[in-house]
Amino acid sequence: MAGRINDDDVKAVRDAVPIDAVVSEYLQLRNAGGGNLKGLCPFHDEKSPSFQVSPSKGLFHCFGCQEGGDTIAFVMKIDHLSFSETVERLAAKAGITLRYEEGGYNPGHQRGERIRLVEAHKVAAQFYVDQLDSPEAEIGRKFLAERGFDQSAAAHFGVGYSPAGWDHLTRYLRGKGFSDKELILSGLSQDGRRGPIDRFRGRLMWPIKDVGGEIVGFGARKLRDDDNGPKYLNTPETPIYKKSQVLYGIDLAKKDIAKVSRAVVVEGYTDVMACHLAGVTTAIATCGTAFGGDHIKILRRLLMDNGSARVIFTFDGDSAGQKAALRAFEDDQKFAAETYIAIAPDGMDPCDLRLAKGDEAVADLVQPRTPLFEFALRQIVKRYDLETPAGRAAALDEAAPVVARIKNIGAQHEVAVQLAGMLGILDTQFVVKRVAQLARWARDRGGKGPAQQTPQRSYDTGAATGGPTGPSGPALNLRSPAHRTERELLKLALQRPELVSPAFDAYGADEFTAPPYAAVRQCVQDAGGATGAPSDYLDTVREAAPNDTVRALVTELAVETIFAKNVDEAYAGDQLVTVRLRAVDRRIREVQGTLARLGPNGDPEQLAAVQNELWVLTQYGQSLRNNGAAAL
């Protein structure tokens, strides 16, 4: 059994690795104001960024799907790691040596599964690189040279060579302490008659990295005629490699994709190399599978869906390439970016084009050429005889539903007009109306109902887990002025505790009308209050939460921007006064109700006590209105 990681070391890791640096490995972040950053959430599909990161607090929160937490929680969620695996991975990045309680630490046996598999791939990649210099690998070096790639190009992309023997890598990794089980699980080895053997043998090897830059698989190119395997052989599906969720070259291209809001999708490993060496550093490729929805999610987080974002596909000009382009168009509407297709003269791929005509030709190829929708429509239209009314009608029947899928109404109308021109139909409005009708039918079949009302968000504040619940009250409704003010005050208490202290610590949980907010107020109290907040104040408040739901709300409030141009004592005082005044007014109404129930013939002593409380509350309320925060 692995020992538990020392708590001080966990804190050191959390403090040492900036959350914005980690998150930026997976998505593009932009300024959100108030010291926060924003981007498209990696945990759910969205068109406008609701995912926010607070570098100063070390927290993230998505206001769309409600995921949130610290750096460790982010990595655990996005890479599907356990807590210990995540801490170990971040510690390695920060150069921190971890201490383990309940016994010593044996790295070979106690690290998490994912970290072990990634390590195996890292060691294997270096092994393959070293083998590329061997006499046996002459055939591989010749293959690269014939395609215009020298030694420095191979080194830049980490290209290597797998020896032709049965178990060279397997024996090497065993010597490095990896078990047979780990080698089979990683996909680097496979079962043979007498035990594990190398999966890749006698091939040129490309390491495949995830967005974070870790090697998770390999692509292997056949070199010899006596190799009966496929031309390209990729790592099988493993716990760390899912071919539908990786893009070759994304680790090298991600920064430039985010910088220029453009991505170039090519078909193979050598095409990515050719593009990057020609200065097209935004090129990426799929790994043995069609470009699909998961690949789009990766790109959208980097492109940020701004209006100038472009994705250019460079499929081959043959029939297979055209089919690939049409498959890409099937997912086109999942992009907010504009999508194009570029086909080189004579149907050459970028690698061949670079060899034939040089770097400039490759750079020119990926300048946006034909919009993908136009290419898709032309592929449909050219199958029909447009010289006959029947041919034009049949082409319209197939093409109109494609145009109807375009979600932007303005773009849909414009493309419908272009379709009429392609078909030679003079009555443009007929085509436009036909497309609009199909779009309406599609929406109706989708069951789209009336516009939704602003949702009321409900929170379980503890009952389900046996924790304390907040006081009963109305459900959390973000349209409620009272709830908005309570939310602002809690954000101040979490983000700027010095502005609301010590007054805030005198507020009871019952002064917050929404049970979730009352639960957060209780967390602050249980953590020792906002006055004199220590450096680990937010961590302590989050740990005081009775369950994950309340903890998520604490994170959300700690990250959300405070809605004030000037966040100062005056603004904080206004929120304090408003929340307190509403609580006083509520109590006055309750006391007035009690007084009415007692009536003039009630117990004189009780009547006097109630009347006295009413007088005190009324005076206090008036003082708050007249003197503001000074009356607290």
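Our structure is the block above this text.
Quick caveat: nothing in here was measured; it's all calculated off a predicted structure.

1. Remarks on the overall build of the protein
Working step 1: Of the regular secondary structure elements, the protein holds 27 helices and 18 strands.
Working step 2: At a minimum sequence separation of 6, the contacts of the protein that also span at least 24 residues come to 66%.
Working step 3: In the form shown here, the protein has an accessible surface area of approximately 29,800 Å², with 50% of it arising from carbon and sulfur atoms.

2. Thoughts on the packing of helix H6 (residues 113–131) against helix H9 (residues 168–175)
Working step 1: One can describe the packing of H6 onto H9 by two numbers: an axis separation of 11 Å at closest approach and a directional angle of 125 degrees. Relative to H9, the element H6 lies oblique. With respect to the hand of their crossing, H6 and H9 are arranged in right-handed fashion. For the pair formed by H6 and H9, the contact residues are Ala120, Val123, Ala124, Phe127 and Tyr128 on the first element and His168, Leu169, Tyr172 and Leu173 on the second.
Working step 2: Across the contact of H6 with H9, the residue classes break down as eight nonpolar, one polar and no charged.

3. Describing the pattern of salt bridges
Working step 1: Taken as a whole and assessed by the stated rule, the structure comprises 31 salt bridges.
Working step 2: When the shortest N-O distance is used, the salt bridge between glutamate 67 and lysine 77 registers 3.3 Å. Taken together, the residues span a long stretch of sequence, with glutamate 67 in the loop between strand E4 (59–62) and strand E5 (68–70) and lysine 77 in helix H3 (residues 71–79) at a distance of ten residues.
Working step 3: The partner of glutamate 398 in a salt bridge is arginine 383, with the nearest N and O atoms 2.4 Å apart.

4. Focus: the sheet that holds strand E3 (residues 51–54)
Working step 1: Taking strand neighbours across the sheet as the criterion, the five strands line up as E1-E2-E3-E4-E5 in an open arrangement whose pairing is antiparallel. Where the open sheet ends on each side, the last strands, each with one partner, are strand E1 (30–33) and E5. This sheet shows a mean twist of 25 degrees between the axes of neighbouring strands, independent of strand direction.
Working step 2: Relative to E5, E4 runs antiparallel, the two sharing three bridges.

5. Re the pairing of strand E12 (residues 262–266)
Working step 1: Counting buried residues along E12, five of its five residues qualify, which places the element largely inside the surrounding structure.
Working step 2: Alternating positions in E12 separate into two faces, Arg262, Val264 and Val266 on one and Ala263 and Val265 on the other, with burial throughout.
Working step 3: Where E12 meets strand E14 (residues 310–313), four bridges bridge the pair, whose relative direction is parallel. In the sheet register, valine 265 faces E14, and the bridge partner there is phenylalanine 313.
Working step 4: Sheet topology places E12 next to strand E13 (residues 283–285); three bridges connect them, and they run parallel. Note on E13: the bridge partner recorded for valine 264 is alanine 283.
Working step 5: Note that the unit made of E12, helix H12 (residues 269–277) and E13 has a crossover that is right-handed.

6. Side note on the environment of arginine 171
Working step 1: Tracing the backbone shows arginine 171 in helix H9.
Working step 2: In this structure, the C-alpha to C-alpha distance between arginine 171 and aspartate 198, residues 27 residues apart in sequence, is 9.0 Å.

7. Quick word on helix H7 (residues 138–146)
Working step 1: By the burial criterion, the buried members of H7 are Gly140, Phe143 and Leu144. Around the axis of H7, the buried residues are gathered within 95 degrees of arc, so they sit on the same side.
Working step 2: Buried residues along H7 sit in contact with helix H8 (151–157), strand E9 (203–209), strand E10 (215–222) and H12.
Working step 3: Directly after H7, the chain includes glycine 148, whose backbone phi takes a positive value near 85 degrees.

8. Quick look at the packing of aromatic side chains
Working step 1: Applying the stated criterion across every chain, the model contains 17 aromatic pairs.
Working step 2: Judged by centre distance (6.5 Å) and plane angle (50 degrees), the ring pair of tryptophan 206 and tyrosine 232 falls under tilted. Of this pair, tryptophan 206 sits in strand E9 while tyrosine 232 sits in strand E11 (residues 232–234); the two residues are 26 residues apart in sequence, bridging distant segments of the chain.
Working step 3: A residue is classified by how much of its surface remains accessible, and tryptophan 206, at 0% relative accessible area, is buried.
Working step 4: Under the relative-accessibility criterion, tyrosine 232 is labelled partly exposed at 32%.
Working step 5: Aromatic side chains phenylalanine 504 and phenylalanine 512 sit 6.3 Å apart centroid to centroid with 65 degrees between the ring planes, which places their arrangement in the edge-to-face category. Residues phenylalanine 504 and phenylalanine 512 agree in their burial class; the two are buried.

9. Points about the nonpolar core
Working step 1: The biggest cluster of nonpolar side chains holds 48 residues, and the ones touching the most others in it are Val23, Phe51, Val53, Phe74, Ile250, Ile257 and Leu299.
Working step 2: For this core, the element with the highest residue contribution is helix H13 (residues 293–303), accounting for five residues.
Working step 3: Val118, Val216, Cys287 and Tyr340 belong to the second largest nonpolar core, which has 44 residues in total.

10. A short note on the pairing of E9
Working step 1: Most of E9 is tucked away: six of the seven residues are buried.
Working step 2: Here three bridges tie strand E6 (residues 160–162) to E9, and the two strands are oriented antiparallel to one another. Paired with serine 162 across the strands is arginine 203, a residue of E9.
Working step 3: Counted between consecutive antiparallel strands, the loop separating E9 from E10 contains five residues, among which glycine 213 sits at a positive phi close to 90 degrees.

11. Some details on the sheet that holds E10
Working step 1: As summarised here, the arrangement of the four strands in space is E6-E9-E10-E11, forming an open sheet in which the pairing is antiparallel. If you trace the sheet from one side to the other, it starts and ends with E6 and E11, each paired once. Adjacent strand axes in the sheet meet at a mean angle of 35 degrees, parallel and antiparallel pairs treated alike.
Working step 2: Here H6 sits on the sheet in contact with E6, E9 and E10, set at roughly 35 degrees to E10.
Working step 3: This element, H7, spans E9 and E10 of the sheet and lies at about 70 degrees to E9.

12. Re the environment of glutamine 575
Working step 1: Within the secondary structure, glutamine 575 sits in helix H26 (residues 569–598).
Working step 2: A residue is classified by how much of its surface remains accessible, and glutamine 575, at 10% relative accessible area, is buried.
Working step 3: Sequence spacing of glutamine 575 and leucine 490 is 85 residues, and the spatial spacing of their C-alpha atoms is 9.5 Å.
Working step 4: Excluding residues that lie within four positions of it along the chain, glutamine 575 makes contacts with Thr485, Glu488, Leu489 and Leu492.

13. Things to note about the side chain of serine 54
Working step 1: Examined against the element boundaries, serine 54 turns out to sit in strand E3.
Working step 2: On the basis of relative accessible area, serine 54 is assigned to the buried category, the value being 0%.
Working step 3: Engagement of the side chain of serine 54 in a polar contact is seen with the side chain of asparagine 36, the distance being 3.5 Å.

14. Structural notes on the side chain of aspartate 210
Working step 1: Tracing the backbone shows aspartate 210 in the loop between E9 and E10.
Working step 2: Among the residues examined, aspartate 210 registers a relative accessible area of 11% and is labelled buried.
Working step 3: A polar side-chain atom of aspartate 210 sits 2.9 Å from the main-chain amide nitrogen of glutamate 214.
Working step 4: Other than its neighbours up to four places away in sequence, aspartate 210 contacts Arg114, Val216, Ile250 and Asp251.

15. What to know about the packing of H12 against helix H15 (residues 350–357)
Working step 1: Two elements in contact, H12 and H15, have axes whose closest approach is 7 Å; the angle formed by their N-to-C orientations is 45 degrees. Considered as vectors, H12 and H15 are oriented oblique to each other. Residue-level inspection shows Thr270, Asp271, Ala274, Cys275 and Leu277 of H12 in contact with H15, the latter providing Pro350, Cys351 and Arg354.
Working step 2: Of the residues assigned to the contact of H12 with H15, the class counts are five nonpolar, one polar and two charged.

Rules used in this analysis
- Residues numbered from 1 in each chain as written.
- Predicted model: local features only at pLDDT ≥ 70, side-chain atom pairs only at ≥ 80, totals over all residues.
- Heavy atoms only, no water.
- Helix = DSSP H or I, 4+ residues; strand = E, 2+ residues; numbered from the N terminus.
- Contact = heavy atoms within 4.5 Å.
- Areas by Shrake-Rupley, 256 points an atom, 1.4 Å probe, with all protein chains shown as cover.
- Axes fitted to C-alpha atoms, helices over the stretch in contact; angles between N-to-C directions.
- Parallel < 35°, antiparallel > 145°, perpendicular 65-115°, else oblique.
- Left-handed = near helix turned anticlockwise from the far one by under 90°.
- Nonpolar A, V, L, I, M, F, W, Y, C, P; charged D, E, K, R; others polar.
- Salt bridge = Lys/Arg side-chain N within 4 Å of Asp/Glu carboxyl O.
- Pairing = 2+ DSSP bridges.
- Buried < 20%, exposed > 50% of the residue type's maximum accessible area, 1.4 Å probe, protein only.
- Right-handed = clockwise from strand over helix to strand, strands pointing away.
- Arc of directions from axis to C-beta.
- Phe/Tyr/Trp six-rings, centres within 6.5 Å; stacked < 30°, edge-to-face > 60°.
- Core = buried A, V, L, I, M, F, W, Y, C linked by side-chain atoms within 4.5 Å.
- Polar contact = N/O pair within 3.5 Å; in protein donor to acceptor, adjacent residues only side chain to side chain.

On their own, these measurements won't tell you what the molecule is for.
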